[in-house]
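Here's the letter readout for the chains.
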Amino acid sequence: MAALNGGKTFVQDEEKQRLLLEEHTEKHFTAGEVVRDIIIGVSDGLTVPFALAAGLSGANASSALVLTAGLAEVAAGAISMGLGGYLAAKSEADHYNRELQREQDEIDTVPDVEAAEIADILSQYGLGPSEYGPVVTALRNNPKAWLEFMMKFELGLERPEPRRALVSAGTIALSYVAGGLVPLLPYVFVPEAGRAMAVSVAVTLAALLFFGFVKGRFTGDRPFLSAVQTTVVGALASAAAYAMARAVQSV
């Protein structure tokens, strides 16, 4: 009867835990990789074409020339950045798969050693032999869970999304284009490059401030500090390009 009551209590506790989990919804931000790609694309897209346009304007180029060169740079930059994002994500996936196969081979060939590693990992969380022993046994009886446990807790690796490389490439490339068009738009409507540059500076600095603020909100940094830092970096890059162009022209 005691054993029966004990089993009943366990089932009730399990049901209670399930209900609690269903009622409790944690609001965690889980799109970190996508946001990171957007930040990379937009920040470079705002900064590099902005610096190029400023440099060409400093060399007294026409608005048409600045716009043509800027659009060419945006296209080349988007392709380059997108390809870089694809290769980075692909390398990450390849690394995970290699480690997955290596870990699977070790589980198959030296299971006792791998089981000892489980015990060592759990002991680092303050669990004693009587507490982690059943966990080790349960994992050994579930090879798939055993492999996932070792990947996460021994190697610190999470399984990448199957389409991660393509999504990363597309996100970075499109974000770069979106950011790159901002400093170039004034050159479409203002034929005189000097005036267009003044409008471009104002528009781009405003965009950098807004982007830096939003980036800070998503990444957990102080939004105003992030806005200032992002704007200062963009302003310094464009000022350096402009000063260099003027210096070369004066030689």
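What you see is a predicted model, and the numbers here were worked out from it, not measured in a lab.

Engineer: Describe the overall build of the protein chain, naming the residues involved and giving the relevant values.
Structural biologist: The number of helices and strands found in the protein chain is nine helices and zero strands. When the elements of the protein chain are put in sequence order from the N terminus, they spell out α-α-α-α-α-α-α-α-α. Considering the protein chain as a whole, with its 251 residues, one finds that 34% of them fall into the buried category. For the protein chain, the accessible surface area stands at approximately 15300 Å², while carbon and sulfur atoms represent 65% of it.

Engineer: Can you lay out the nonpolar core for me, pointing to particular residues and giving the numbers?
Structural biologist: Judged by nonpolar contacts, the single largest core of 17 residues is most densely connected at Ile118, Val136, Trp146, Phe149, Met150 and Met151. Setting aside chain neighbours within four positions, we find Met151 in contact with Tyr96, Glu99, Leu100, Glu103, Gly156 and Leu157. By size, the runner-up hydrophobic cluster in this structure holds 14 residues, among which are Val66, Leu184, Val190 and Ala196.

Engineer: For the packing of aromatic side chains, give the residues involved together with the corresponding values.
Structural biologist: Summed over the entire model, instances satisfying the criterion amount to two aromatic pairs. Each ring, one from Phe213 and one from Phe224, has its centre 5.3 Å from the other, and the planes form 70 degrees; the classification is edge-to-face. Highlighted residues: Phe213 in helix 8 (residues 193–219) and Phe224 in helix 9 (residues 223–250), separated in sequence by eleven residues. Since its relative accessible area comes to 27%, Phe213 is described here as partly exposed. For Phe224, a relative accessible area of 65% corresponds to the exposed category.

Engineer: Can you break down the environment of Glu158 residue by residue, with the values?
Structural biologist: Summarising the element assignment, Glu158 is placed in the loop between helix 6 (143–154) and helix 7 (164–189). The exposure class of Glu158 is exposed, given its relative accessible area of 55%. Put simply, Glu158 and Glu148 are ten residues apart on the chain and 8.8 Å apart in space, counted from C-alpha to C-alpha. What Glu158 contacts, discounting residues up to four positions off in sequence, is Tyr96 and Lys152.

Engineer: Got a sec to walk through helix 4 (residues 111–123)? Specific residues and values, please.
Structural biologist: Taking 1.5 Å per residue, 13 residues should reach 18 Å; helix 4 reaches 18 Å between its end C-alpha atoms and fits that length. Of the residues making up helix 4, those classed as buried are Glu114, Ala115, Ile118, Ala119, Ile121 and Leu122. Projected down its long axis, helix 4 carries its buried residues within an arc of 160 degrees, all on one side. Structurally, helix 4 contributes buried residues whose contacts are with helix 3 (63–109), helix 5 (129–140) and helix 6.

Engineer: So what's going on with the UniProt feature "transmembrane region" (unreviewed entry) in the protein chain? Residues and values would help.
Structural biologist: Under the present numbering, the feature "transmembrane region" (unreviewed entry) in UniProt falls on residues 165–190, 196–214 and 226–245. Within the segment residues 165–190, helix and strand shares are 96% and 0% respectively, and the terminal C-alpha atoms sit 39 Å apart.

Engineer: Describe a nonpolar patch on the surface, and please don't skip the residues or the numbers.
Structural biologist: Together, Leu71, Leu181, Leu185, Val188 and Phe189 line one region of the surface with nonpolar side chains, adding up to about 480 Å² of accessible area. In terms of residue count, helix 7 provides more of the nonpolar patch than any other element does, four residues in total. By relative accessible area, Leu71 is classed as partly exposed at 41%.

Engineer: I'd like a description of the pattern of salt bridges, backed by residues and values.
Structural biologist: Here the structure, examined in full by the defined rule, presents seven salt bridges. Two residues, Arg164 and Asp37, come together in a salt bridge whose shortest N-O distance is 2.9 Å. On the criterion of sequence distance, the pair formed by Arg164 in helix 7 and Asp37 in helix 2 (residues 32–58) is long-range, its members being 127 residues apart. Judged by relative accessible area, Asp37 falls into the buried class, the value being 2%. Of the charged contacts in the structure, one is a salt bridge between Glu103 and Arg102, with a shortest N-O distance of 3.7 Å. Beyond isolated ion pairs, a larger network of salt bridges with shared partners links Glu99, Arg102, Glu103 and Glu106.

What counts as what
- Residues numbered from 1 in each chain as written.
- Predicted model: local features only at pLDDT ≥ 70, side-chain atom pairs only at ≥ 80, totals over all residues.
- Heavy atoms only, no water.
- Helix = DSSP H or I, 4+ residues; strand = E, 2+ residues; numbered from the N terminus.
- Buried < 20%, exposed > 50% of the residue type's maximum accessible area, 1.4 Å probe, protein only.
- Areas by Shrake-Rupley, 256 points an atom, 1.4 Å probe, with all protein chains shown as cover.
- Core = buried A, V, L, I, M, F, W, Y, C linked by side-chain atoms within 4.5 Å.
- Contact = heavy atoms within 4.5 Å.
- Phe/Tyr/Trp six-rings, centres within 6.5 Å; stacked < 30°, edge-to-face > 60°.
- Expected span 1.5 Å × (residues − 1).
- Arc of directions from axis to C-beta.
- UniProt positions renumbered as here; feature names shortened; annotations may be inferred.
- Patch = residues over 30% accessible without salt bridge, like charges linked within 9 Å, V, L, I, M, F, W, Y side chains within 5 Å.
- Salt bridge = Lys/Arg side-chain N within 4 Å of Asp/Glu carboxyl O.

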